[in-house]
Amino acid sequence: MFPRTLGVETSCDESSVALLDREGAVEINLLSSQARSHAPFGGVVPELASREHLKALPMLARSVLDGAEEPPELVAVTAGPGLVGALLVGLRFAAALAWATELPLVAVDHLEGHLASPFLSRDGRPARRPGGTVLSLVASGGHSAWYLVRDGRPPFRLGRTRDDAAGETFDKVARVLGIPYPGGPALDHLARLGDPRVVPMPRPRLKDSTADFSFSGLKSAAIRAIRERGLEGAGGDEVPRAVYDLVASFEVAVVDQLLGPLERLAREHRPIAITASGGVAANTLLRERLEVTGRRLGIEVLLPPKELTTDNAAMIAHAGQLAFGRGEVDDPRRLDARPSEKWQPPGMRKV
Ligand code: KG4
Ligand code: ZN
């Protein structure tokens with residue numbers, strides 16, 4: 001049993017408030033996207049993000065509390081990593097709410113939220129409790145890494161990208177094709193119509209002993225291939241056949257990079273389940289390949305419902321329930337934004 005938990009997420013450009021019940025089932029998950037406010041600037045403007053969170057949070061929290069069957073018993077909020085101003089708005093809001101209602105509060109890591117999302121459903125079912133070691137990929141716009149998640153313990157990072165994140169790679173290639181940010185979903189769509197064998201793409205291999213991977217060479221090669229074929233800006237209306245093939249070839253190389261360390265890690269750590277989360281976990285090919293690999297290895301694959309792959313407060317509330325179960329609580333008067341990963345192994349740089 002968990003406490004009924006109100007979650008608050010404001011790390012980037014989505015304001016979200018959610019409520020999970022005592023079994024970790026998602027009762028309400030509300031989201032207000034700022035995409036339209038940032039669009040004229042071609043990316044997320046931090047100062048604007050903070051102001052938009054400030055506007056959206058009271059309204060979202062009011063709707064969640066009014067719609068709740070019973071009041072929450074715990075408040076969970078994202079403390080980082082993310083945009084510091086945006087995080088501070090969420091932290092202050094959650095702290096004031098916890099203080100005024102005399103509820104305990106836990107500040108959770110945004111990555112811990114993504115890692116918790118594959119255990120959630122959107123049809124009122126309780127959260128899954130895997131009860132063993134889980135091998136977890138987080139692939140989003142800012143992070144790409146493999147983790148080991150064990151019941152009742154904080155996650156441990158096994159390997160990560162040496163340069164760009166997977167989502168960032170999708171977004172940068174999309175931009176050259178004239179597709180607006182975030183370009184990942186549009187590339188997913190284009191790739192379904194192309195032949196992935198047409199355009200050769202590099203597959204840099206790091207040493208076998210590491211679970212790290214790299215996207216910068218692949219990104220440069222894809223951009224070069226777009227320019228050589230005169231396809232800059234050709235991803236909009238009346239897309240030529242060559243774009244479909246190029247995007248399909250690029251996408252399969254990204255997925256190969258992400259899944260490169262998987263089989264070795266699975267042999268080494270013998271997980272009872274494999275999970276993937278973060279915006280890129282919505283990608284059709286990545287989901288298919290994970291399912292196929294899981295079946296071949298005889299390991300269950302758990303993926304979040306598509307709407308819980310991108311940033312949301314339901315995953316933060318569940319990460320809060322798990323952290324609270326480990327005995328974590330925070331003082332609402334002493335909360336601060338954490339710009340980098342909390343449980344990052346010493347000596348590793350931020351990804
Ligand atoms: O998790 P998320 O919402 O935000 C971060 O915490 O970064 O992930 C957003 C990222 C963007 O880079 C977006 O292009 C990518 O996820 N993305 C996808 C797909 N859907 C979203 N990338 C590939 N295929 C998709 N279907
Ligand atoms: Zn995220």
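Residues numbered from 1 in each chain as written. Chains lettered and ligands numbered in written order. Predicted model: local features only at pLDDT ≥ 70, side-chain atom pairs only at ≥ 80, totals over all residues. Heavy atoms only, no water.

A short note on unusual backbone geometry
As a rule of thumb, non-glycine residues mostly have phi less than zero, and peptide bonds are mostly trans rather than cis. Cis geometry marks the peptide bond from G80 to P81; its omega dihedral reads -5°. Here the residue pair Y181 and P182 is connected by a cis peptide bond, since its omega of -10° sits within 30 degrees of zero. Here P182 shows up in the loop between α5 (166-176) and α6 (184-191). One non-glycine residue, E102, adopts positive backbone phi at about 55°. The phi dihedral of R270 is positive, around 45°, even though this residue is not glycine. In this structure, R270 sits in the loop between α9 (262-269) and β9 (273-277). Residue classification places R270 among the exposed residues on the basis of a relative accessible area of 69%. (Helix = DSSP H or I, 4+ residues; strand = E, 2+ residues; numbered from the N terminus. Buried < 20%, exposed > 50% of the residue type's maximum accessible area, 1.4 Å probe, protein only.)

Structural notes on the pattern of salt bridges
Counted under the stated rule, the structure contains 26 salt bridges. One salt bridge in this structure joins E232 and R227, with 3.1 Å as the shortest N-O distance. Residue classification places E232 among the partly exposed positions, given a relative accessible area of 46%. In this structure R227 comes out as partly exposed when scored by relative accessible area, which is 48%. Look at the salt bridges and you will find they share partners, linking D164, E168, K172 and K219 into a network. (Salt bridge = Lys/Arg side-chain N within 4 Å of Asp/Glu carboxyl O.)

What about the site of ligand 1?
Near ligand 1, the surroundings consist of 20 residues, among which G141, D171, G184, D188 and G279 are the closest. Contact distances for ligand 1 include 3.3 Å between an oxygen atom and a backbone N or O atom of G142. G184 is positioned such that a nitrogen or oxygen atom in its backbone is 3.0 Å from an oxygen atom of ligand 1. Taking a 2 Å distance to the grid points as the criterion, the majority of the atoms of ligand 1 fall inside the largest pocket. At the level of secondary structure, the elements contributing two or more residues to the shell around ligand 1 comprise α4 (110-116), α5 and α6. Considered class by class, the residues forming the shell around ligand 1 number 5 nonpolar, 12 polar and 3 charged. (Near = heavy atom within 4 Å. Polar contact = N/O pair within 3.5 Å; in protein donor to acceptor, adjacent residues only side chain to side chain. 1 Å grid on protein atoms, 1.4 Å probe; cavity = no way out; pocket = protein on both sides within 12 Å on 5 of 7 lines; lining within 4 Å. Sits in = over half its atoms within 2 Å of the grid points. Nonpolar A, V, L, I, M, F, W, Y, C, P; charged D, E, K, R; others polar.)

Some words on the pairing of strand β7 (residues 144-149)
Put simply, side chains in a regular strand alternate between the two faces of the sheet. Counting buried positions over the 6 residues of β7 gives 6, a clear majority of the element. Burial of β7 is two-sided: the residues S144, W146 and L148 facing one way and the residues A145, Y147 and V149 facing the other way are all buried. Joining the antiparallel neighbours strand β6 (residues 134-139) and β7 is a turn of 4 residues. Where β7 lies against strand β8 (residues 156-160), 4 bridges are found, and the strand directions are antiparallel. The residue bridging W146 from the neighbouring strand is G159, located in β8. Between β7 and β8, which pair antiparallel one after the other, the connecting turn spans 6 residues, and G152 there sits at a positive phi close to 75°. (Pairing = 2+ DSSP bridges.)

Some details on the packing of aromatic side chains
Taken as a whole, this structure holds 2 aromatic pairs when the rule is applied. Ring geometry for F170 versus F250: centroids 5.6 Å apart, planes at 80°, classification edge-to-face. Taken together, the residues F170 in helix α5 and F250 in helix α8 (residues 241-259) connect sequence positions 80 residues apart. Each member of the pair F170 and F250 is classed as buried. On the basis of an interplanar angle of 65° and a centroid distance of 5.7 Å, the ring pair of F213 and F215 is categorised as edge-to-face. In this pair, the class of F213 matches that of F215, namely buried. (Phe/Tyr/Trp six-rings, centres within 6.5 Å; stacked < 30°, edge-to-face > 60°.)

What to know about the nonpolar core
The biggest cluster of nonpolar side chains holds 54 residues, and the ones touching the most others in it are W146, L187, F250, L258 and L290. Looking at this core, the element that brings in the most residues is α8, giving 12 residues. Sequence-distant contacts of L290, that is, excluding residues within four places in its chain, are made with L259, L262, I274, A276, V301 and L303. Counting 25 residues, the second-largest nonpolar core is a separate cluster that includes A56, L57, A68 and A79. (Core = buried A, V, L, I, M, F, W, Y, C linked by side-chain atoms within 4.5 Å. Contact = heavy atoms within 4.5 Å.)

Regarding the sheet that holds strand β3 (residues 26-33)
The strand order across the open sheet formed by 5 strands is β3-β2-β1-β4-β5, and the pairing between neighbours is mixed. Because the sheet does not close on itself, it has two edges, and the strands there are β3 and β5 (105-109). Ignoring which end each strand starts from, the neighbouring axes of this sheet average 20° apart. Packed on one face of the sheet, helix α11 (residues 313-325) meets β1 (5-9), β2 (14-20), β3, β4 (74-80) and β5 and runs near 125° to β1. (Axes fitted to C-alpha atoms, helices over the stretch in contact; angles between N-to-C directions.)

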